[in-house]
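# Structure at a glance
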Amino acid sequence: MIAALWDNRRFRNWGGQLLLLGGLAALLIWLVTNTVANLDARGIRVGFDFLSRPANFPISESVLPYDPADTFLWAYITGVGNTVAISILAIALSTALGLIVGLARRSQHPLTSGVASVFVTTVRNMPLIVHLLFWYALATTALPAPREALNPLPGVFLSLRGLYIPALELDANAAAFVGCLLASLALLVAFRRKVVSYFRLEGGGAGLLLLAVSAAFALFWAALFIPATSLSLPEYKGFNFSGGLRLSPEFAALMVGLVIYTSAFIGEIIRGGIDAVPAGQWEAGRAIGLSERHTLTHVIIPQALRIIIPPMTSQYLSTVKNTTLALAVGYPELGLVVGTVINQTGQAIESIALLLGTFLTISLAVSLFMNWYNARVALVEAR
Amino acid sequence: MNWKTATLAATLAVAATAQAHAGPTVDSVKARGHLICGASQGTVGFGAPDEKGYWRGLDVETCRAVAVAVFGDKDKVEFVPLSGQQRIPALQTGEIDILPRTLTWTLQRDANGINFATPNYYEFTGFMVARSSGVTKVEEMTGASVCVQTGSTTEVVVNDVSSRLNLQLKPVVFDNVAATRQAFFSGRCDALITDASALASVRATQSKDPDGYVIFPATKYMDALTPAVRHGDDQWLDIVNWSIQALLNAEMYGITQANVDEMVVSGDPRIKRFLGVEPGNGKALGLDDKFAYNIVKQLGNYGEMFDRNVGKGSPLKIDRGPNKLFSDGGLMFPLAFQ
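Note on numbering: residues in each chain are counted from 1, in written sequence order. Just so you know, chain letters begin at A and ligand numbers begin at 1, following the order they were written in. In view of the model being predicted, local features appear only for residues whose pLDDT reaches at least 70, and side-chain atom pairs are presented and counted only at 80 or more, with totals across whole chains, interfaces and linings using the full set of residues. With hydrogens and water stripped out, all remaining heavy atoms of the structure feed into the side-chain values.

### Remarks on the nonpolar core
Put simply, buried Ala, Val, Leu, Ile, Met, Phe, Trp, Tyr and Cys residues joined by side-chain atoms within 4.5 Å make one nonpolar core. The buried label applies to any residue whose accessible area, calculated with a 1.4 Å probe on protein chains only, is under 20% of its type's maximum; exposed applies above 50%, and partly exposed to all values in between. Counting 59 residues, the largest nonpolar core has Leu35(B), Ile98(B), Tyr121(B), Trp236(B), Ile255(B), Phe274(B) and Ile295(B) as the members making the most contacts within it. Ignoring any residue separated from it by four or fewer positions in sequence, one finds Ile295(B) in contact with Ala65(B), Val68(B), Ala69(B), Ser243(B), Ala246(B), Leu247(B) and Gly300(B). Any two residues whose heavy atoms approach within 4.5 Å are treated as being in contact.

### Overview of the packing of aromatic side chains
Residue and element names in this part refer to chain B. Paired rings are identified among Phe, Tyr and Trp, the last through its six-membered ring, by centres lying within 6.5 Å, and are further divided according to the angle between planes into stacked (under 30 degrees), edge-to-face (over 60) and tilted (the rest). According to the stated counting rule, one finds 23 aromatic pairs over all chains in the structure shown. Ring geometry for Phe-184 versus Tyr-213: centroids 5.6 Å apart, planes at 50 degrees, classification tilted. Here Phe-184, found in helix H7 (residues 177-186), pairs with Tyr-213, found in strand S10 (residues 213-225); they are 29 residues apart in sequence, far enough to count as distant. Per residue, the accessibility class of Phe-184 equals that of Tyr-213, and both read buried. Secondary structure elements follow DSSP: runs of H or I no shorter than four residues count as helices, runs of E no shorter than two count as strands, and numbering proceeds from the N terminus.

### Digging into the domain arrangement of chain B
Residues and elements named next belong to chain B. In this document the domain limits rely on a domain assignment from an automatic tool or a database. Domain annotation of chain B identifies domain 1 (3-120 + 226-319) and domain 2 (124-222). The centre of domain 1, based on its C-alpha atoms, is set 29 Å off from the matching centre of domain 2. Taken together, the contact between domain 1 and domain 2 spans 15 residues of the former and 15 residues of the latter. For any pair of parts, buried area is found by adding up, for both, the accessible area (1.4 Å probe) each one loses once the two are put together. A buried area of about 1100 Å², summed over both sides, lies between domain 1 and domain 2, and 53% of it is on carbon and sulfur atoms. Contact with domain 2 buries surface across domain 1, with Thr-43, Gln-85 and Leu-316 losing the most and accounting together for 30% of the total. A pair is scored as a salt bridge if a Lys or Arg side-chain nitrogen falls within 4 Å of a carboxyl oxygen belonging to Asp or Glu. For the interface between domain 1 and domain 2, the tally reads zero salt bridges. Here a polar contact is recorded for every N or O atom pair within 3.5 Å, except that within protein the pair must consist of a potential hydrogen donor and a potential acceptor, and residues adjacent in sequence are included only if both atoms are side-chain atoms. One can count two residue pairs in polar contact (both at pLDDT 80 or more) joining domain 1 with domain 2.

### Considerations on the interface of chain B and chain A
Counting from both sides, the interface comprises 48 residues of chain B and, opposite them, 47 residues of chain A. Both sides together, the interface formed by chain B and chain A hides about 4000 Å², and carbon and sulfur atoms give 55% of it. Linking chain B with chain A are two salt bridges, by the criterion used here. Residue Arg188(B) is joined to Glu250(A) by a salt bridge in which the shortest nitrogen-to-oxygen separation is 2.7 Å. Summed over the shared surface of chain B and chain A, the number is eight residue pairs in polar contact (both at pLDDT 80 or more).

### Concerning the sheet that holds strand S8 (residues 170-174) of chain B
Two pairing modes exist for strands in a sheet, parallel and antiparallel, and in both the strands are linked by backbone hydrogen bonds. Residues and elements named next belong to chain B. Note: two strands are recorded as paired if DSSP finds a minimum of 2 bridges between them. With mixed pairing, five strands are arranged side by side in an open sheet as S8-S7-S9-S6-S10. Lying at the two open borders of the sheet, with one neighbouring strand each, are S8 and S10. Averaged over neighbouring strand pairs, the angle between their axes works out to 25 degrees when direction is ignored. Examined bridge by bridge, strand S7 (residues 145-149) and S8 share five bridges and lie parallel to one another. Residue Val-148 lies in a different strand from S8, and its bridge partner there is Val-173. Here helix H6 (residues 154-164) sits on the sheet and contacts strand S6 (121-130), S7, S8, strand S9 (191-195) and S10; the angle it forms with S7, its principal contact strand, is near 155 degrees. Axis definition: a line fit to C-alpha positions, over the contact stretch in the case of helices; interaxial angles, taken between N-to-C directions, run 0 to 180 degrees.

### Side note on the state of the cysteines
All names here are of chain B. Any pair of cysteine sulfurs within 2.5 Å is marked as a disulfide. Applying the stated criterion to the full structure yields two disulfides over all chains. With a sulfur-sulfur separation of 1.4 Å, Cys-37 is cross-linked through a disulfide to Cys-63. In this pair, Cys-37 is assigned in strand S1 (residues 35-39) and Cys-63 in helix H3 (residues 58-71), connecting sequence segments 26 residues apart. Here Cys-37 matches Cys-63 in class, with each residue buried. Here Cys-147 engages in a disulfide with Cys-189; their sulfurs sit 1.9 Å apart. Its torsion about the S-S bond being 70 degrees, the disulfide of Cys-147 and Cys-189 is classed as right-handed. Placement of the pair is Cys-147 in strand S7 and Cys-189 in the loop between H7 and S9, with a sequence separation of 42 residues.

### Re the pairing of S6(B)
Residue and element names in this part refer to chain B. With eight of its 10 residues buried, S6 lies for the most part within the structure. Examined bridge by bridge, S6 and S10 share nine bridges and lie antiparallel to one another. Its bridge partner lying in S10, Met-128 is registered against Ile-215. Sheet topology places S6 next to S9; five bridges connect them, and they run antiparallel. Residue pairing in the sheet places Phe-127 in a bridge with Ile-193 of S9.

As structure tokens, then:
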């Protein structure tokens, strides 16, 4: 009986897998229960109930509204919000700058390619933390005190407290109006082919129609709800500027440092991808009479994308993780917030687990998106 | 978050898994041959290495007093510099034996795996601002940017003060001490907030013009900066408590580093008991009977330590204030050595 089971290949395969899985689960359970029991024995609290207590500590700037009276959970979500925001911005900006760098590296003009290669060599070979500290030191030493703030345009102030610009304050109606306008534009752009074919439009007419329809939408909304806007101007009061929109030196230093650093890597990935497309493709493009630019955009880049995307995915993942260095320049991303939470509550293991889980989630999301995009641009082969 | 804290947290998990009950701390300290103390990352007056790399400061000497009690030698100590965030996990995991590092005694900390010994410094949280700003009290700080270091109780103080007085303070939070101070001196913030004594230390040692800055209390509430030990080892807590008490008692009895050998022949029975001429006190704690004598002989009394490190004999020139003995109107209360 046992010998028969043992000889069964299927049983052996499945049995082995189940045994391994069971062992892993048992190890995990033992680790968790033992840790909890021992922490308890040492008088260290465990559990996530601290998340519902008021945080009481300030976060210097945030994308989501935050008040120290909010809970630790909300403080943590605020940190996630900041991390996601700076990740998305840094990825978008460094991809744009990286594309320019990559193309400049391939330029025939010796000055352009020389500047680009010096840029890549210097930037890529310095640690990111040095970049961040450099830009932060620059922002906080080169700029004047708020009292003597630079005032290049009326309502625009630049000092070591950051850049203040006038803000357009929208009431709920106006916000709804702008939102609807953007949504209708997005819909039109998304379904532009359908719109164009439905109205039998050719060439320039399509763009005009899109504009006309959005304008009609906008007027409709404006008539329905009377939007009210006001201009909030920054003004120097007591210690600081108040009113207006503010770009803090911490955020600026982080963004500039991160974007410059990442763009050097992205530039090389793009250049490598383009160079990897066989020279014959360029010649083929020229042979059918395409211009250099069209050869690049229609023949080379679609093929290069397949080579670029996998390394780009890991570059994006590094960028997301690199945002944790923001704490060196005082920008409150998730890491800094979690550090503060640990200090206020002493619940290091739970907080670190949350931090790990969050970064895992963000990174997996980035990976999934990039894999989807990779599949989309992949060569469709006969199966 | 930095990797050190993460490592510590991971170690905490592993250490907690590995062993439930470490033997009494004093045994492991004796077996190791030296004491390991958590120290600051450089607050002159409280804990910082001097130009020769020798650790000095009030917190450092408090730790040395414990080393004298255990080993009879103030130099059998290793100092581990820790950030505000790292310090408590470092104590919980057993990386250090005692944490004398301007640590405020709070309920949440006390209830979470550590025990506080005897306060070695009473303190208020203060703001430091440039004298040129003309501000001299908290109520005038409306709208000010405040540089705050994470890993301290001051983050909460900033918020409490700001909301109570409706000041709309704008905190800029940093992870490490050096960045916080640099941001303040570069003018990124109008004010720097931390323990007033640390502010005095920063002002005396790191500013170009110490007279150009003023320090004032952020709240009327006082904090007790207290060395802490791990939860669950009462014998070790007693040793730390009575090492600090030895410093306070010595001051009360007028025993100094200079006159301790004369005081040994004193006729006062309390002094005899204190200095171990009459045996019993040290033995009760599992220490040498002359541990208090040794502490005073090697380090002096609390008053001498204070003056040397933060008081009139130091660049900080901090007033004794609440840190006087109770008999002089302060909060330091020596307990009976019997």
